[in-house]
Amino acid sequence: MRSLLGLMVVAAILFSCLSKHGHDRPLAELALERIATPYTKLPAGSIEPRGWLRKQLELQAAGFHGRLTEISPFLKRDGNAWLAKDGQGERGWEEVPYWLKGYIGCAFALNDPKMIAEAKVWIDGAIASQDDTGMFGPRGKGATSTVQSTTGPLDLWSNMVMLNCLQTWHEATSDARVLELMRKYFAFELTIPDDQFLPPYWQQQRAADNLASVLWLYERTPDPQLIELAHKIHRHTANWTAGIPDWHNVNMAQAFGGPATYWRVSRDRKHLDAAERNYREIRETYGQVPGGMFGGDENCRPGFADPRQAIETCGMVEMMLSCERLFAITGDAVWAERCEDVAYNSLPAAFMPDYSGLRYLTSPNLVQSDASPKAPGLQNGGNMLEMRCDDHRCCQHNAGHGWPYFSEHAWMATQDDGLALVFPVASRVKTKVRGGHEVAIDVESHYPFGGTIRLRVHTEGEVEFPLTIRVPRGCTPLSVVHEGDALEPDVRGSLMRLERSFENGDVVELRFAMTPSLRTWTGNHDSVSIDVGPLTYSLLIGEHYRESSDHPLFPGHEIYAKTPWNYGLELDPANPTQSFTLHSRAWPLDDQPFTQAGTPLLLSAKGRRIPQWRMDGLGLVGLLQQSPAFTEEPLEELTLIPMGAARLRISAFPTVSTATSAHAWTLPAASTLAIVRASHCNESDTTNAVVDGVVPNSSSDTSIPRFTWWDHKGTSEWIEREIRYGKVASTRVFWFDDAATGGGCRVPASVGVSYRWNGQWKPVDGLRAAAPVKDGWHLLEFAPVDTDALRLDVRLQDGASAGILEWEIPEAPK
């Protein structure tokens, strides 16, 4: 039985509407008005992306995400629970709908028949899986997964994602099966006992996504029971209204605005205010950095808020979608600005320029992007920064919805039957406006890389409708011209409104001034960032791409700096923004501006190197210290490029000064500066352990940090360490061997030594060493070499792994 209380609530809503608006309007119409928002997303397929945005989608379709069915084991059709009528099988969790959410959006944005046909296979499978109870998708003991998201009997999390896919499919095709599936499924959710509905973890944190889908259906079929379900979902969702209940970065980006979704039903101001409060708390605590995100390199951690802290690519796209939804709900242009901040400054750099791979984590200050573990500097261990097509599981599947959803929200419908240009990027919208008239509008623009936006209107006759255009952050309107006539539109905040008649071929041209501006991050040692309009700028660092895996479709890549990066900016004290000069160059022929070679905008600035600012032993940029930093290094001309074009980047700059009152930076302890890399490192261990200066009590000492090659067994491995250039003739190693405690690590079968000379590794001559030993130092001596790095070439015992507790390299006697 349906809850009597829920029906009473709906009745009260309807009565309120009747009292306000009279008895001459249909109940359904009044109920819909209750949850109406200032802006409404247009159906998928209404907007044709053009220019650089289309290029991103084309690259995505041709890159790893478009070919993920050939790469990911989770997308294999054979035995897949998402394609089984009874929901039984393997790979039945979030990966399929994560991938499909971006793939289907990309398919319709590009109007690609092959991609649409592939999406239909999975949509048909999901629809066919619905049973008589209303449940659909993977379920039961047979729907195995290596990840469990719930402690209860039902895991509805992955269904929440698939609902987004189904909605996109319906918007583009009008497939009535989608509405019927959702109707039955939401009726099923109403029958789930409270003590079994949305238990922890993922589904409870992110259940506002379920709520958004309920309201999507309600807008099309206003059944009062859907409002009852909306209340039920909110009651069982983690309490994001009271504060931030969880500090996992994707949960935060995806769920912080959830209370505002419920506000559409409750109309209680506290739910609307909670979204803004949550956002501010996140950014003020862990987001005193450029790029629109925050430091959550899995979870946010007290004391880890430096701009070297990173964010998941998943977190970026979920933040964008949250902001897109919040703009529709609130009508506040600040949410569109926040979305653009992530879209232009963070998301592009998380991918290879050709979308052949992505990395799990990206940070505002990042000077090396390799496969070696970065824990505990970054919270998550293992390979987090290598560009791969076949790794980074959740982001690998989920990151594809960033650009398609951004494209779908570039234009939105307004409550008064008009149109709003939310993201003024090159595009074409085709839809109906006031009076049912069909219009098409072409946007000609290189925005955000230029300040001129030209709109061409196509109609069958004279059409009057309101046109709203958002004025981007950091852009000052210079002129608005309609068919040669200067206009003075109604501007409220950052929203410019034109209420007038348009004829076929009419042109509206807007020109904005985009000049450099400065932001100071007081919460991060008074570091600064430079913006031009919505684009934030980073230091141009020479990038060396090294192939790091041999996947047959798309090889992996590590990225290393070829040029110095440890610069601080010297600012004009009288007028800091005058310290930068903007330069433009030709638009890239391939429409890809998010590369060092292709970006059409550059900034010149002046700066000095800070010798004490170095990369640490993990390969992470050193922590910022207080600005201005004292340095007497030569003043140099620097080039800055848009942050989204910089895969290696310094985006939060210290400032510098030669004045004695400036802050003298200190050099961190030598052990934290030693750079160590390895062929493999267990994600629970760290390469930094071998240089931390802690001498073990024995080879089985588990009370101190360690490095291991676990779970590699019987293989050839290596570990290398950079040192100050000089003469070296010996090294010694304290091996990790946990045979005494039943572990799987043993001293290695053999060890060789190589040194680096002119960038090449060469074996040392005259190596003299006993066999590796336990519970003591293993000394290796050789003919003296001049070098800046040593490498241990290790052969593991058959059936065993190995590890190191400490590694010392003394300088050779002179």
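The structure we're discussing is the one just above.
Residues numbered from 1 in each chain as written. Predicted model: local features only at pLDDT ≥ 70, side-chain atom pairs only at ≥ 80, totals over all residues. Heavy atoms only, no water.

A.B. asks: Sorry, what's going on with the nonpolar core here?
C.D. replies: Membership of the largest hydrophobic core comes to 196 residues, with the highest contact counts inside it found for Phe406, Trp411, Leu455 and Leu467. The element that contributes the greatest number of residues to this core is helix H4 (residues 95-110), accounting for eleven residues. Discounting chain neighbours no more than four positions away, the residues touching Trp411 are Leu42, Ile47, Leu419, Ala420, Leu421, Ser427, Val429, Ile441, Val443, Leu455 and Leu467. Among the nonpolar cores identified, the runner-up in size contains 28 residues, and Ala674, Tyr755, Ala802 and Ile809 belong to it. (Core = buried A, V, L, I, M, F, W, Y, C linked by side-chain atoms within 4.5 Å. Buried < 20%, exposed > 50% of the residue type's maximum accessible area, 1.4 Å probe, protein only. Helix = DSSP H or I, 4+ residues; strand = E, 2+ residues; numbered from the N terminus. Contact = heavy atoms within 4.5 Å.)

A.B. asks: Please clarify how the packing of aromatic side chains should be interpreted in this entry.
C.D. replies: Any aromatic ring pair is given by two values, namely how distant the centres are and how the planes are angled relative to each other. Inspection of every chain in the model, using the stated rule, returns 30 aromatic pairs. Ring centres 5.5 Å apart and planes at 75° place the aromatic pair Trp52 and Trp403 in the edge-to-face group. Taken as a pair, Trp52 in helix H3 (residues 51-62) and Trp403 in helix H17 (residues 402-408) lie far apart in primary sequence, 351 residues in all. The residues Trp52 and Trp403 share a single accessibility class, namely buried. Taking 6.1 Å as the distance between ring centres and 80° as the angle between the ring planes, the aromatic pair formed by Tyr344 and Tyr447 counts as edge-to-face. Here Tyr344 is found in helix H15 (residues 334-345), whereas its partner Tyr447 is found in the loop between strand E10 (438-445) and strand E11 (452-458), with 103 residues between them in sequence. Of the residues examined, Tyr447 reaches a relative accessible area of 0% and is grouped as buried. Among the aromatic residues, ring-to-ring pairing joins Trp52, Tyr344, Trp403, Phe406, Phe423, Tyr447, Phe449, Trp587 and Phe594 into one connected group. Seen from the ring of Trp777, Arg732 lies directly overhead, with NZ or CZ sitting 4.0 Å from the centre. (Phe/Tyr/Trp six-rings, centres within 6.5 Å; stacked < 30°, edge-to-face > 60°. Lys NZ or Arg CZ within 6 Å of the ring centre and 35° of its normal.)

A.B. asks: Whenever I open this one, empty space enclosed by the protein confuses me. Can you help?
C.D. replies: Space left empty within the atom packing is revealed by a probe, the size of a water molecule, rolled over the atoms. Scanning all chains against the criterion turns up four cavities of 30 Å³ or more. A volume near 450 Å³ is recorded for the largest cavity. Surrounding the largest cavity, 25 residues form its lining, Lys41, Ala212, Trp216, Arg264 and Arg325 being those nearest its centre. Where the lining of the largest cavity is concerned, the elements lending two or more residues are strand E1 (39-41), helix H6 (157-173), helix H9 (208-220), helix H12 (258-266), helix H14 (313-330) and H17. In terms of residues, the lining of the largest cavity owes the most to one element, H9, which gives six residues. A class-by-class count of the residues in the lining of the largest cavity yields nine nonpolar, eight polar and eight charged. (1 Å grid on protein atoms, 1.4 Å probe; cavity = no way out; pocket = protein on both sides within 12 Å on 5 of 7 lines; lining within 4 Å. Points joined across faces, edges and corners; volume = space filled by probe spheres on them. Nonpolar A, V, L, I, M, F, W, Y, C, P; charged D, E, K, R; others polar.)

A.B. asks: Whenever I open this one, the pattern of salt bridges confuses me. Can you help?
C.D. replies: In a structure, side chains of opposite charge can pair up when their charged atoms sit close to one another. By the definition in use, this model includes 49 salt bridges. In this structure, the salt-bridge partner of Asp442 is Arg50, at a minimum N-O distance of 3.3 Å. One end of the pair, Asp442, is in strand E10; the other, Arg50, is in the loop between strand E2 (47-49) and H3, and 392 residues separate them in sequence. Note on Arg50: relative accessible area 27%, which makes it partly exposed. Of the charged contacts, one joins Arg338 and Glu276 as a salt bridge, the two residues approaching to 2.9 Å between their closest N and O atoms. Residue Arg338 is located in helix H15, and its partner Glu276 is located in helix H13 (residues 269-286); the two are separated by 62 residues in the primary sequence. One network of salt bridges, with partners in common, ties together Arg677, Glu720, Glu722, Arg756, Asp788 and Arg791. (Salt bridge = Lys/Arg side-chain N within 4 Å of Asp/Glu carboxyl O.)

A.B. asks: Looking at this model, I keep getting lost on the sheet that holds strand E12 (residues 463-470). Mind explaining?
C.D. replies: The strand order E1-E7-E8-E12-E16-E15 describes an open sheet built from six strands, whose pairing is mixed. With partners counted over all chains shown, the strands left at the sheet margins are E1 and strand E15 (490-492), one partner each. Strand after strand, the sheet turns through a mean of 30° between neighbouring axes, direction not considered. In this structure, strand E8 (residues 419-421) lies alongside E12, joined through three bridges in parallel fashion. Bridge pairing links Leu421 to Ile469 in E12. (Pairing = 2+ DSSP bridges. Axes fitted to C-alpha atoms, helices over the stretch in contact; angles between N-to-C directions.)

A.B. asks: Please explain unusual backbone geometry as it appears in this structure.
C.D. replies: In most cases, non-glycine residues show a negative phi, while peptide bonds are predominantly trans. Residue Ala375 is joined to Pro376 through a cis peptide bond whose omega torsion reads 5°. Position of Pro376 among the secondary structure elements: in the loop between strand E6 (368-369) and helix H16 (393-398). Of note, the amide linkage connecting Trp710 to Asp711 takes the cis form, showing an omega dihedral of 10°. Here Asp711 is to be found in the loop between strand E31 (707-708) and strand E32 (716-736). One non-glycine residue with positive phi stands out, namely Arg91, at about 60°. Of note, Arg91 is situated in the loop between H3 and H4. In this model, Asp775 sits at a positive phi of 60°, which is unusual for a non-glycine residue. Checked against the element boundaries, Asp775 lands in the loop between strand E35 (768-769) and strand E36 (778-795).

A.B. asks: For this particular structure, what's the right way to read the environment of Arg283?
C.D. replies: Locating Arg283 in the fold gives a position in helix H13. Here the alpha-carbon distance between Arg283 and Val481, two residues 198 residues apart in the chain, equals 38 Å. At a separation of 2.9 Å, a polar atom in the side chain of Arg283 contacts the main-chain carbonyl oxygen of Val289. (Polar contact = N/O pair within 3.5 Å; in protein donor to acceptor, adjacent residues only side chain to side chain.)

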